[in-house]
Amino acid sequence: MPVSRRFAYLLMLLVSGPTLSAAQAKSPTFAPKIDCDTGGCAHSVAIGDLDADGDADLATANFGSDDATILLNHGDGTFAPGVHYDAGDWPHSITIGDLDGDGDADLATVNVFSHSASILLNNGDGTFAVGAINRTGESPKSVAIGDLDGDGDADLAVANCHSDNVSVLLNQRVSKCEGDANGDGTVGPLDSGFVLARFGCPVGIGDPYCDAADQNGDGIVDPLDSGLILARLGDCP
């Protein structure tokens, strides 16, 4: 006499005993909230190791104060007081990734009223320098980081509310080595020429070659950048 499906199912339950549902087995519980101060009207948050100590830190985009707040983790889920860095006009979203290829976690915000993306470059210790500001579509609301052209650099994709499109910002990082201003893999006289040709060019407005010429990061391309290159002749891995 064949065994019915219902009887076989009941027999299986008796043999295997009670089991938890997938929801019951995986449902997390959380401790009471801990509040950390940010800038005005924090609108977006990202998690990443910003000071390279192995702990997960926080970064927020603050819509009301036109800045980003960095909250460094003490290692136990409590955080140091926030440090604020200027962004564009009404930053709406923030993301974390290595934008300059130096192994540190950098930041990008998209700014609704200035129709732009702001780059904050990590100094390696969880403090940041303001980098380039790049034009996007109208009223950008979200930003993501990924290698979109397969060259190993982190690019940006920006979702724009009022222009109904996505802006793709391909990373044009010129140099992977301090002193190698022209990106040819070594530090030599050609790098001095590259810098010399760009003395006084505007740094931080989206021209990657001008930004690369500012080798010492002081915001201007001048003889000090050539001096830095001369001090490193022959360098580069």
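Up top you'll find the structure we're talking about.
None of the values given here were measured: they were computed from a predicted structure. (Residues numbered from 1 in each chain as written. Predicted model: local features only at pLDDT ≥ 70, side-chain atom pairs only at ≥ 80, totals over all residues. Heavy atoms only, no water.)

1. Re the overall build of the chain
Assigned secondary structure in the chain consists of 5 helices and 11 strands. Looking at the 237 residues of the chain, the share that counts as buried comes to 38%. Excluding contacts between residues fewer than 6 apart, the proportion of contacts in the chain whose partners are at least 24 apart in sequence is 37%. Carbon and sulfur atoms make up 59% of the accessible area of the chain, which totals about 13,100 Å². (Helix = DSSP H or I, 4+ residues; strand = E, 2+ residues; numbered from the N terminus. Buried < 20%, exposed > 50% of the residue type's maximum accessible area, 1.4 Å probe, protein only. Contact = heavy atoms within 4.5 Å. Areas by Shrake-Rupley, 256 points an atom, 1.4 Å probe, with all protein chains shown as cover.)

2. Some points on the state of the cysteines
Under the criterion given, the structure shown has 1 disulfide. Each sulfur in the disulfide pair Cys 201 and Cys 210 lies 2.0 Å from the other. One quick way to see it: the torsion about the S-S bond of Cys 201 and Cys 210 is about 105°, and its sign makes the bridge right-handed. Look at Cys 201 and you get buried, because its relative accessible area is 18%. (Disulfide = S-S within 2.5 Å.)

3. Structural notes on the sheet that holds strand S9 (residues 140-146)
With antiparallel pairing, 3 strands are arranged side by side in an open sheet as S9-S10-S11. Of all strands in the sheet, those bounded by a partner on one side alone are S9 and strand S11 (165-169). On average, each strand axis in the sheet is inclined to that of its neighbour by 20°, with strand direction left out of account. Summarising the sheet, strand S10 (residues 155-160) and S11 pair through 5 bridges and their orientation is antiparallel. Each bridged residue has a counterpart across the sheet, and for Ala 159 the counterpart in S11 is Val 166. (Pairing = 2+ DSSP bridges. Axes fitted to C-alpha atoms, helices over the stretch in contact; angles between N-to-C directions.)

4. Observations regarding the environment of Leu 190
Among the structural elements, Leu 190 can be located in helix H3 (residues 189-196). By relative accessible area, which is 61% here, Leu 190 ends up exposed. Residues Leu 190 and Asp 180, spaced 10 residues apart in sequence, show a C-alpha to C-alpha distance of 9.0 Å. Excluding residues that lie within four positions of it along the chain, Leu 190 makes contacts with Asn 182 and Asp 184.

5. Quick look at the pattern of salt bridges
In this structure the tally under the stated criterion is 2 salt bridges. Asp 35 is the partner of Lys 33 in a salt bridge, and the nearest nitrogen-oxygen pair spans 2.5 Å. Each member of the pair Lys 33 and Asp 35 is classed as exposed. Residues Glu 138 and Arg 135 are paired through a salt bridge, measuring 2.8 Å at the closest nitrogen-oxygen approach. (Salt bridge = Lys/Arg side-chain N within 4 Å of Asp/Glu carboxyl O.)

6. A word on H3
One turn of an α-helix holds 3.6 residues; hence residues three or four places apart share an orientation. Among all positions of H3, only Asp 191, Ser 192, Phe 194 and Val 195 are buried. For H3, the angular spread of the buried residues around the axis is 155°, confining them to a single face. Seen from the buried face of H3, the exposed residues on the opposite side, beyond 90 degrees, are Pro 189, Leu 190 and Leu 196. Residues of H3 that are buried make contact with helix H4 (208-213) and helix H5 (223-231). (Arc of directions from axis to C-beta.)

7. Quick look at the nonpolar core
Listed in full, the 12 residues of the largest apolar core are Ala 46, Leu 50, Ala 59, Ala 61, Ala 68, Ile 70, Tyr 85, Ile 94, Ala 105, Leu 107, Leu 120 and Phe 128. Looking at this core, the elements that each hand over two or more residues are strand S2 (57-62) and strand S3 (67-71). When residues no more than four places from it in sequence are discounted, the contact partners of Leu 50 are Asp 57, Leu 58, Ala 59, Ile 70, Leu 72, Ile 96, Ala 105, Leu 107, Asn 122, Asp 125, Gly 126 and Phe 128. (Core = buried A, V, L, I, M, F, W, Y, C linked by side-chain atoms within 4.5 Å.)

8. Remarks on H5
For H5, the full list of buried residues reads Asp 225, Ser 226, Leu 228 and Ile 229. Down the axis of H5, the buried set is contained in an arc of 155°. They therefore lie on one face. The outward face of H5, more than 90 degrees from its buried face, is lined by the exposed residues Pro 223, Leu 224, Leu 230 and Ala 231. Looking at the buried side of H5, the elements it contacts are H3 and H4.

9. Comments concerning the packing of aromatic side chains
Two descriptors summarise a pair of aromatic rings, namely the distance from one centre to the other and the angle between the planes of the rings. Per the stated rule, a full pass over the model turns up 3 aromatic pairs. Taken together, a centroid distance of 4.1 Å and an interplanar angle of 65° make the contact between Phe 63 and Trp 90 edge-to-face. Here Phe 63, found in the loop between S2 and S3, pairs with Trp 90, found in the loop between strand S4 (83-86) and strand S5 (91-97); they are 27 residues apart in sequence, far enough to count as distant. Residue class for Phe 63 comes out buried when judged on its relative accessible area of 14%. For Trp 90, a relative accessible area of 31% translates into the label partly exposed. For the pair Tyr 85 and Phe 128, a centre-to-centre distance of 5.7 Å together with 70° between the ring planes defines the contact as edge-to-face. Linking Tyr 85 in strand S4 with Phe 128 in strand S8 (residues 128-135), this pair joins segments that are 43 residues apart in sequence. Residue Tyr 85 shares its accessibility class with Phe 128, and that shared class is buried. An aromatic cluster of three or more residues is present, and its members are Phe 63, Trp 90 and Phe 113. (Phe/Tyr/Trp six-rings, centres within 6.5 Å; stacked < 30°, edge-to-face > 60°.)

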